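Breakdown of the fold
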Amino acid sequence: MKAEAMLFGGVALFFGGSAALYGVWSQDATGTTALVVAFAMAALVSFFCLIQYRRGGSRPQDRTDAEVADGAGPVAFFPDESPWPIVTALGFAVTAGGVVYGLWLFLIGLGVLARGVFGMVFQYARR
């Protein structure tokens, strides 16, 4: 993950510098805000990759002398099919419809949306 952290760190520096220069020269709040948000997102991904690298150490992909067989073994956990993305999408659709049709529908949609998000977050908590 070290290469990914460095890559996104460079992207974050580019967007940070661009935001500073654009904000000073153009005095445009909208473009500056978009560049600052892009900087924050790239910095967040870079920080996540750096933490994962420090936690897990170097991978075979990080070494130049690694062989293909060095990366063999279990890759990751792949979950089974889940109903919670459908419940979350339904909750979001009902919530968006509630913005148009009334508070009662918005609150029902918010409850369905909360249940869907809660289900996705804690689906594999006992794994």
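Within any chain, residue numbers begin from 1 and follow the written order of that chain's sequence. For this predicted model, a pLDDT threshold of at least 70 governs which residues receive local features, and a threshold of 80 or more governs which side-chain atom pairs are given and counted, while totals over whole chains, interfaces and linings are taken from all residues. Heavy atoms from the whole structure form the basis of all side-chain values; hydrogens and water molecules are not counted.

1. Considering the overall build of the protein chain
Looking only at helices and strands, the protein chain has 4 helices and 0 strands in total. Runs of H or I in DSSP of at least four residues are treated as helices and runs of E of at least two as strands, each being numbered from the N terminus. Going from N to C terminus, the protein chain has its helices and strands arranged as α-α-α-α. For the radius of gyration, the atom set is restricted to C-alpha positions; the globular benchmark scales as 2.2 Å times the number of residues to the power 0.38. Taken over C-alpha atoms, the radius of gyration comes to 21 Å for the protein chain, far larger than the 14 Å a tight globule of 127 residues would show. Projected onto the principal axes, the alpha-carbon positions of the protein chain cover approximately 60 × 50 × 20 Å. Residue burial is assigned from relative accessible area. The probe radius is 1.4 Å, only protein chains are included, and a residue is buried under 20% of its type maximum, exposed over 50%, and partly exposed in between. Within the span of the protein chain, comprising 127 residues, buried residues form 17% of the whole. Contacts between residues were defined by any pair of non-hydrogen atoms, one from each residue, lying within 4.5 Å. Once local pairs closer than 6 in sequence are excluded, the contacts in the protein chain between residues at least 24 apart make up 56%. As displayed, the protein chain offers around 9600 Å² of accessible surface, 71% of which is attributable to carbon and sulfur atoms. Averaging the positions of the 8 positive and the 8 negative side-chain charges in the protein chain gives two centres separated by 11 Å. Surface exposure here means Shrake-Rupley accessible area, sampled with a 1.4 Å probe, where a residue is shielded only by the protein chains that are shown. Positive charge is attributed to Lys and Arg, negative charge to Asp and Glu, and no charge count is given to His or to the chain ends. A single reference atom marks each charge: NZ on Lys, CZ on Arg, CG on Asp, CD on Glu.

2. What to know about the packing of aromatic side chains
The description of an aromatic ring pair uses the distance of the two centres, along with the angle that the planes make with each other. Classification of ring pairs uses Phe, Tyr and Trp, with its six-membered ring standing for Trp, and accepts pairs whose centres are within 6.5 Å; under 30 degrees between planes counts as stacked, over 60 as edge-to-face, and the remaining range as tilted. Evaluation of the coordinates by the stated rule reveals 2 aromatic pairs. Pairing Phe118 with Phe122 gives two aromatic rings, centres 4.8 Å apart and planes at 55 degrees, and the pair type is tilted. Its relative accessible area of 48% is what places Phe118 among the partly exposed residues.

3. Considering the UniProt feature "transmembrane region" (unreviewed entry) in the protein chain
UniProt positions are given in the numbering used here, feature names are shortened, and annotations may be inferred rather than shown by experiment. Here the UniProt feature "transmembrane region" (unreviewed entry) sits at residues 6–25, 32–53 and 86–118. Secondary structure content for residues 86–118 is 97% helix and 0% strand, while the C-alpha to C-alpha distance between its ends is 13 Å.

4. Section: the packing of helix 3 (residues 84–101) against helix 4 (residues 103–121)
Axes here refer to lines fitted to C-alpha atoms; in helices the fit is confined to the stretch in contact. Angles between the N-to-C directions go from 0 to 180 degrees. Relative to each other, helix 3 and helix 4 sit at 160 degrees, their axes nearing to 7 Å. Taken together, the axis directions place helix 3 and helix 4 in an arrangement best described as roughly antiparallel. You can see that helix 3 and helix 4 cross each other, and the crossing is left-handed. Three categories are distinguished: nonpolar for Ala, Val, Leu, Ile, Met, Phe, Trp, Tyr, Cys and Pro, charged for Asp, Glu, Lys and Arg, and polar for the others, with Gly belonging to the last. For the contact of helix 3 with helix 4, a count of residues per class yields 16 nonpolar, 8 polar and 1 charged. Roughly parallel covers angles under 35 degrees, roughly antiparallel covers those over 145, roughly perpendicular covers 65 to 115, and oblique covers all other angles. Should the near helix be turned anticlockwise from the far one by less than a right angle, the crossing is termed left-handed; should it be turned clockwise, right-handed.

5. Here we look at helix 3
Compared with an ideal rise of 1.5 Å per residue, which puts 18 residues at 26 Å, helix 3 spans 25 Å between its outermost C-alpha atoms and is within 8% of the ideal. Residues of helix 3 that are buried include every one of Trp84, Thr88, Gly91, Thr95, Gly97 and Gly98, and no others. Among the structural elements, helix 4 are those in contact with the buried residues of helix 3. The positive-phi residue at the C-terminal boundary of helix 3 is Gly102, with phi of around 150 degrees. Under the convention used throughout, the expected extent of a helix is 1.5 Å for every residue step, that is, one less than its residue count.

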